[in-house]
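Spelled out from the first residue to the last, the chains are:
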Amino acid sequence: MALHHLHTKITKNTFISHFSTSFLITKIPKKFKKKRKQKESPRTKLVQTQPNILPHFENILQRDAHYRFLTKTKDYLSKEPHHVLLLDEAGKLHQQLGFPRGRKVLKSIQRHPLIFETYRHTDNKMWFGFTDFMDDLLSTEHDLVNELEQQRVDVVRKLLMMSTNRRIPLSKIYHNRLLFGIPEDFRDRIGKYSDQFRVLVEDDGKRILELLRWDNSLAVSSLEKKFLVDEEKVKKAFKFPIKHGRALELDLETQRKLNMLNTLPLVSPYSDGSKLDLWTLEAEKYRLGIIHEFLSLTLEKRAYIHNIVEFKEELNLTKHIYHMLQKQRQTFYLSGTAMNWCVFLKDAYTDNGMLIDKDPQVLFNEKLYKFADMKELDAGKDVKD
């Protein structure tokens with residue numbers, strides 16, 4: 001009986017082995033595999049897609065890229081002794097000067113012959129710096145900066161009035177000075193306004209700018225000013241839809257009136273946002289008001305995300321800025337890539353992308369761009385033309 005049981009077991013095993021699946025191909029050949037769509041890099045993935053793209057805003061970002069070397073090199077050279085830089089050294093500063101990594105800096109310099117020039121020094125080394133024509137332009141800009149000093153002081157005061165504890169690190173204002181038209185030497189200039197500001201030095205050596213005097217006349221946002229002129233337009237600035245069932249069968253006008261209950265009143269960016277519960281409607285209205293006012297203070301009524309994020313703590317913002325702004329398409333336009341996007345105040349521009357109110361510094365910059373693209377100066381052309 002035991003032998004019979006053993007024979008049966010062996011027979012079964014032998015039977016099973018006749019049907020081994022080892023000969024089957026268990027892996028799909030590479031050529032038959034479906035190719036996975038590679039995830040687009042945040043460096044190239046656009047934040048805006050058709051049909052929502054507005055070409056006039058996209059063109060402004062292309063202009064930024066076109067003049068990146070001009071703007072960054074102008075700023076860098078202006079701080080160098082005698083406004084000159086050794087060409088070999090400049091070739092290592094692709095990030096600071098804004099030219100493509102791996103390219104020769106000379107190629108970028110030669111794109112703007114009215115602005116930059118190269119020369120051989122007595123040490124037999126090649127240097128580059130501003131042309132005489134550019135020096136005259138810089139002198140004109142310096143006069144303009146002096147004329148606009150009080151306006152820039154008010155911009156800094158308003159930034160401080162929006163911030164927590166009315167304090168912002170000096171380094172943050174300095175890093176973003178070009179955004180607001182604040183002069184490079186503003187840290188020296190604030191000494192003249194000791195009744196308005198004071199500089200505190202923390203234990204780690206960080207210098208903090210503190211506002212000393214509140215000014216109610218400055219604590220009025222651009223939205224609040226517009227409300228007095230065009231109440232209906234401001235009512236449409238932000239949308240906070242109230243969810244309701246279809247069974248209510250509300251017409252569009254009734255829906256608009258219902259949603260308006262959420263929209264008004266506005267929350268002033270000059271109120272204390274730190275006291276608001278983080279995820280409430282009031283807090284979101286406050287954060288939207290903060291960004292709207294922040295953009296209103298900029299020269300071109302727009303800012304890149306890195307500009308805004310630098311003030312995240314001081315302005316009580318969250319990491320969800322992008323999604324918050326995406327919901328408010330009637331007021332903000334987002335452009336650029338997922339890694340470096342820019343937000344525009346739509347109402348500050350005409351339908352063809354022209355700034356409605358141009359700061360004198362913006363007008364100067366536009367003139368500089370025009371000269372930068374010229375190969376030679378027109379006969380009789382003057383810096384002030």
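Up top is the structure these notes are about.
Residue positions are given per chain, counting from 1 as you read along its sequence in written order. With the structure being a predicted model, the display of local features is reserved for residues of pLDDT at least 70 and the display and counting of side-chain atom pairs for 80 or more, all residues being used for whole-chain, interface and lining totals. Excluding hydrogens and water, the side-chain figures rest on all heavy atoms present in the structure.

Draft legend 1. Region of interest: the overall build of the protein chain. Within the protein chain, the secondary structure is distributed over 18 helices and nine strands. The burial tally for the protein chain puts 42% of its 385 residues in the buried class. Within the protein chain, counting contacts between residues at least 6 apart in sequence, those at least 24 apart form 64% of the total. To measure how exposed things are, a 1.4 Å probe is used in the Shrake-Rupley method; for residues, cover is taken only from the protein chains shown. In the form shown here, the protein chain has an accessible surface area of approximately 24,200 Å², with 54% of it arising from carbon and sulfur atoms. Segments assigned H or I by DSSP are reported as helices when at least four residues long, segments assigned E as strands when at least two residues long, and all are numbered from the N terminus. Buried residues are those whose accessible area, probed at 1.4 Å on protein chains only, stays under 20% of the maximum for their type, while exposed residues exceed 50% and partly exposed ones sit between those limits. Here, residues are in contact when the closest pair of their heavy atoms is within 4.5 Å.

Draft legend 2. Structural view of the pattern of salt bridges. Any Lys or Arg side-chain nitrogen located within 4 Å of an Asp or Glu carboxyl oxygen qualifies as a salt bridge. Enumeration according to the criterion identifies 22 salt bridges in this entry. Between E300 and R63 there is a salt bridge, and its shortest N-O distance comes to 3.0 Å. Taken as a pair, E300 in the loop between α15 (281-297) and β7 (302-304) and R63 in helix α2 (residues 55-66) lie far apart in primary sequence, 237 residues in all. Residue classification places E300 among the buried positions, given a relative accessible area of 16%.

Draft legend 3. Examining the side chain of D64 more closely. Positionally, D64 belongs in helix α2. Accessibility expressed as a relative area gives 18% for D64, which makes it buried. By the criterion applied in these results, polar contacts are pairs of N or O atoms within 3.5 Å in which, for protein atoms, one can donate a hydrogen and the other can accept it, and in which residues neighboring in sequence qualify only through two side-chain atoms. Side-chain polar atoms of D64 contact the side chain of R302, separated by 2.8 Å. With sequence-adjacent residues up to four places away left out, D64 is seen in contact with R302 and Y304.

Draft legend 4. Molecular detail of the layout of surface pockets. The method works on a 1 Å grid over the protein atoms by themselves. A cavity is a set of points holding a 1.4 Å probe that cannot get out, a pocket is an open set with protein on both sides within 12 Å along at least five of seven lines, and residues with an atom within 4 Å of a point line them. Grid points are joined across faces, edges and corners, and a volume is the space filled by probe spheres set on the points. Of the voids in this model, the second largest pocket is the one considered here, and its volume is about 870 Å³. Considering the residues around the second largest pocket, the lining is formed by 35 residues, among which S222, S296, L297, K301 and D357 are closest to the centre. Breaking the lining of the second largest pocket down by element, the ones donating at least two residues are α8 (149-162), α12 (222-229), α13 (231-235) and α15. If you tally residues by element for the lining of the second largest pocket, the top one is α8, at five residues. The nonpolar class holds Ala, Val, Leu, Ile, Met, Phe, Trp, Tyr, Cys and Pro. Asp, Glu, Lys and Arg form the charged class, and all remaining residues, Gly among them, are polar. When the residues that make up the lining of the second largest pocket are grouped by side-chain class, the tally is 12 nonpolar, nine polar and 14 charged.

Draft legend 5. Highlighting a negative patch on the surface. A cluster of acidic residues, E117, D132, D135 and D136, forms a negative patch on the protein surface. Examining the composition of the negative patch, we find that three residues originate from one element, helix α7 (residues 132-147), more than from any other. Mapping D135 onto the fold places it in helix α7. Accessibility expressed as a relative area gives 33% for D135, which makes it partly exposed. Residues form patches when they are more than 30% accessible in relative terms and have no salt bridge. Like charges link within 9 Å. Nonpolar side chains (Val, Leu, Ile, Met, Phe, Trp, Tyr) link within 5 Å. This count recognises Lys and Arg as positive and Asp and Glu as negative, with His and chain-terminal groups excluded. Lysine's charge is taken at NZ, arginine's at CZ, aspartate's at CG and glutamate's at CD.

Draft legend 6. Spatial organisation of the packing of aromatic side chains. A pair of Phe, Tyr and Trp rings is counted when the ring centres sit within 6.5 Å of each other, with Trp represented by its six-membered ring. The angle between the planes then sorts it: under 30 degrees is stacked, over 60 is edge-to-face, the rest tilted. Following the criterion strictly, the structure yields 15 aromatic pairs and no others. An angle of 25° between the planes, with centres 6.0 Å apart, marks the rings of F116 and F130 as stacked. Residue F116 is found in strand β2 (residues 116-120), and its partner F130 is found in strand β3 (residues 126-130); the two are separated by 14 residues along the sequence. Judged on exposure class, the residue F116 and its partner F130 are both buried.

Draft legend 7. Up close: the pairing of strand β6 (residues 207-211). Counted residue by residue, β6 has four buried out of five residues, so it is predominantly covered. We treat two strands as partners when DSSP finds at least two bridges between them. Taken together, the three bridges between strand β4 (residues 167-169) and β6 define a ladder with antiparallel strand orientation. Note on β6: the bridge partner recorded for P169 is I208. The sheet contact formed by strand β5 (residues 197-201) and β6 spans five bridges and is antiparallel. Each bridged residue has a counterpart across the sheet, and for R198 the counterpart in β6 is E210.

Draft legend 8. Seen up close, the sheet that holds strand β8 (residues 332-336). Taken in spatial order, the three strands line up as β7-β9-β8 in an open sheet, and their pairing is antiparallel. Each of the sheet's edge strands pairs with one partner strand only, and the pair in question is β7 and β8. Neighbour-to-neighbour, the strand axes of this sheet turn through a mean angle of 20°, independent of strand direction. As defined by bridge partners, β7 adjoins strand β9 (residues 341-345) across three bridges and the pair is classed as antiparallel. When the sheet's bridge partners are listed, R302 is paired in β9 with F344. Each axis is a line fitted through C-alpha atoms, and for a helix only the stretch in contact is used; angles between axes span 0 to 180 degrees, taken between their N-to-C directions. Contacting β7, β8 and β9, α2 runs over the sheet at an angle of about 45° to β8.

Draft legend 9. The pairing of β8, seen in detail. The element β8 is largely enclosed, with a buried count of five among its five residues. Going residue by residue along β8, you find F332, L334 and G336 tucked away on one face and Y333 and S335 tucked away on the opposite face as well. Hairpin connection from β8 to β9: four residues lie between these consecutive antiparallel strands.

Everything listed here is a matter of coordinates, which is why it stays silent on function.
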